[in-house]
Amino acid sequence: MKRDWPRGIGRDYEKLEEEIAARGIAIGKPIELLEEIDSTNDAAKRAAKRDALHGALFVAESQSRGRGRQGRAWIGARGESILASVLLRVKCDARDLPPISLAVGLAARDAVARAIDSSARAEIKWPNDVLVAGKKVAGVLVEAVLTGARVDAVIVGVGINVHQRDFPDEIAARATSIALFARDGSHGAPDRARVLVDLLEGIDRDVALVASRGLGLVHARFVAADALRGKRVTSEDGTRGEAIGIDLDGALRVKRDDGTIVRLVSGEAHLV
Ligand code: BTN
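Just so it is clear, the structure is predicted and the values come from calculations on it, not from any experiment.

### So, helix α2 (residues 40-49)
Okay, step 1: In terms of residue burial, α2 counts as a mostly covered element, since 8 of its 10 residues are buried.
Okay, step 2: Tucked inside the fold, the buried residues of α2 contact β2 (57-60), β3 (81-88), β6 (135-147) and β7 (150-161).
Okay, step 3: Of the residues that open α2, the one with a side-chain oxygen 3.1 Å from the backbone nitrogen of Asn 41 is Ser 39.
Okay, step 4: Phi turns positive, to about 70°, at Asp 51, one or two residues after α2.

Encoded structure:
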């Protein structure tokens, strides 16, 4: 018998479970589909403390306290965004988290690239923002659940703007969506389940690789998608210069005007 579909959850998520199983993806189950939550990252953290298993997925239609990096809020319009967090029980320690968060950005970039028209380019703005035409389409927040210094779980949170055509004034100049770059003839964006399944497939593959062997095997893909290379950037520590690439450990290399090279290992870089 067909199960009743939960109220308030978009029907485009109906095939999510089936599609994850059909593609043999090891993460993305069990799934909690939530009409409203404080933050899917917080839901995943709470579950991690209750012994939830590797791969548990939390998807919400809206968040009352959606969080971005560096204490920012994340606004995701109800029914139009992907707001999802996956709980990963990967063996790693705290210093592996920055490369893991880069790998998640790469997976998000690839999922967006598959969903948009081939005339548009999806890029990564270090460390893990996904941009199309210079505007942000997806963001990644990776957090750890720790016992002392041991990482018990890595929480991977991703927000992707899928169907939005208008944005609140405060982010309108900086934000975009998949729908605004939809494939020719697709009459709008693909359903969210497809984009989310592509994302999970990428996370499953790339995070395991990076956690066990470092960024080396995905580095070329990162370089190819680098939105900052050759551009002038600034960072919170006062560094200012030209971004000249990403190192094998994930640091951003910036060439200052006096010719010296600085490696940014955390924080963000802003385009000047
Ligand atoms: C950023 O670009 O600053 C990161 C944004 C991450 C947003 C996602 S939405 C799902 C998950 N839950 C949250 O509260 N944040 C992440």
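### Things to note about the site of the ligand
Okay, step 1: Surveying the vicinity of the ligand reveals 21 residues, the closest of which are Ser 39, Gln 63, Arg 67, Arg 69 and Lys 136.
Okay, step 2: Residue Arg 67 places a main-chain N or O atom 2.6 Å away from a nitrogen atom belonging to the ligand.
Okay, step 3: Residue Lys 136 places a side-chain N or O atom 2.5 Å away from an oxygen atom belonging to the ligand.
Okay, step 4: Only α2, β3, β6 and β7 provide two or more residues apiece to the shell around the ligand.
Okay, step 5: In terms of residue count, β6 provides more of the shell around the ligand than any other element does, 4 residues in total.

### Considering the pairing of β2
Okay, step 1: Burial of β2 is two-sided: the residues Leu 57 and Val 59 facing one way and the residues Phe 58 and Ala 60 facing the other way are all buried.
Okay, step 2: By the bridge criterion, 4 bridges tie β2 to β3 in an arrangement that is antiparallel. When the bridges of β3 are listed, Phe 58 appears paired with Ser 85.

### Brief notes about the environment of Leu 34
Okay, step 1: With respect to the secondary-structure elements, Leu 34 resides in strand β1 (residues 31-34).
Okay, step 2: Judged by its relative accessible area of 16%, Leu 34 is buried.
Okay, step 3: Along the chain, Leu 34 and Pro 6 lie 28 residues apart, while their C-alpha atoms are 8.8 Å from each other.
Okay, step 4: When neighbours within four sequence positions are excluded, Leu 34 is seen to be in contact with Ile 9, Val 59, Ala 60 and Glu 61.

### Brief notes about the sheet that holds strand β8 (residues 232-235)
Okay, step 1: Within the open sheet, the 5 strands sit side by side as β11-β10-β9-β8-β12. Their pairing is antiparallel. One side of each edge strand has no neighbouring strand; the edge strands of this open sheet are β11 (261-264) and β12 (269-271). Averaged over all neighbouring strand pairs, the angle between strand axes comes to 45°, with direction disregarded.

### Quick notes on the sheet that holds β1
The strands that make up a sheet are held in pairs by hydrogen bonds between backbone atoms, and each pair lies either parallel or antiparallel.
Okay, step 1: Taken in spatial order, the 7 strands line up as β1-β2-β3-β7-β6-β5-β4 in an open sheet, and their pairing is mixed. The open sheet is flanked by β1 and β4 (122-125), the only strands paired with a single partner. Across the sheet, the mean angle from the axis of one strand to that of its neighbour is 20°, orientation sign disregarded.
Okay, step 2: Pairing of β4 with strand β5 (residues 129-132) involves 4 bridges; the strand directions are antiparallel. The partner of Lys 125 across the bridge, within β5, is Asp 129.
Okay, step 3: This element, α2, spans β2, β3, β6 and β7 of the sheet and lies at about 20° to β3.
Okay, step 4: Packing of helix α5 (residues 192-213) onto the sheet brings it into contact with β2, β3 and β7, and relative to β3 it is tilted by some 30°.

### A closer look at the domain arrangement of the chain
Okay, step 1: According to the domain assignment, the chain consists of domain 1 (11-225) and domain 2 (232-271).
Okay, step 2: Here the C-alpha centre of domain 2 lies 25 Å away from the C-alpha centre of domain 1.
Okay, step 3: Contacts between the two partners involve 12 residues from domain 1, matched on the other side by 14 residues from domain 2.
Okay, step 4: With both sides pooled, the region where domain 1 packs onto domain 2 buries about 1100 Å², and carbon together with sulfur makes up 59% of that total.
Okay, step 5: For the pair domain 1 and domain 2, the number of links is 2 salt bridges.
Okay, step 6: Arg 72 is the partner of Glu 268 in a salt bridge, and the nearest nitrogen-oxygen pair spans 2.9 Å.
Okay, step 7: The interface formed by domain 1 and domain 2 holds 5 residue pairs in polar contact (both at pLDDT 80 or more) in total.
Okay, step 8: Those elements giving two or more residues to the side of domain 1 that touches domain 2 turn out to be α3 (97-115) and α6 (219-224).
Okay, step 9: Of the residues that constitute the side of domain 1 that touches domain 2, the class distribution is 6 nonpolar, 3 polar and 3 charged.

### Topic: the packing of α3 against α5
When two helices pack together, you describe them by how their axes are tilted relative to each other and by the distance separating the axes.
Okay, step 1: It is the contact of α3 with α5, at a shortest axis distance of 8 Å, that shows an interaxial angle of 150°. By the angle between their directions, the pair α3 and α5 is classed as roughly antiparallel. Where α3 crosses over α5, the handedness of that crossing is right-handed. Here α3 contributes Pro 99, Ile 100, Ala 103, Val 104, Leu 106, Ala 107, Ala 108, Asp 110, Ala 111, Arg 114 and Ala 115 to the contact with α5, which in turn contributes Arg 194, Val 195, Asp 198, Leu 199, Glu 201, Gly 202, Ile 203, Arg 205, Asp 206, Val 207, Val 210 and Ala 211.
Okay, step 2: A breakdown of the residues in the contact of α3 with α5 according to their chemical character gives 15 nonpolar, 1 polar and 7 charged.

The rules behind these values
- Residues numbered from 1 in each chain as written.
- Predicted model: local features only at pLDDT ≥ 70, side-chain atom pairs only at ≥ 80, totals over all residues.
- Heavy atoms only, no water.
- Buried < 20%, exposed > 50% of the residue type's maximum accessible area, 1.4 Å probe, protein only.
- Helix = DSSP H or I, 4+ residues; strand = E, 2+ residues; numbered from the N terminus.
- Contact = heavy atoms within 4.5 Å.
- Polar contact = N/O pair within 3.5 Å; in protein donor to acceptor, adjacent residues only side chain to side chain.
- Near = heavy atom within 4 Å.
- Pairing = 2+ DSSP bridges.
- Axes fitted to C-alpha atoms, helices over the stretch in contact; angles between N-to-C directions.
- Domains from an automatic or database assignment.
- Buried area = accessible area lost by both parts, 1.4 Å probe.
- Salt bridge = Lys/Arg side-chain N within 4 Å of Asp/Glu carboxyl O.
- Nonpolar A, V, L, I, M, F, W, Y, C, P; charged D, E, K, R; others polar.
- Parallel < 35°, antiparallel > 145°, perpendicular 65-115°, else oblique.
- Left-handed = near helix turned anticlockwise from the far one by under 90°.

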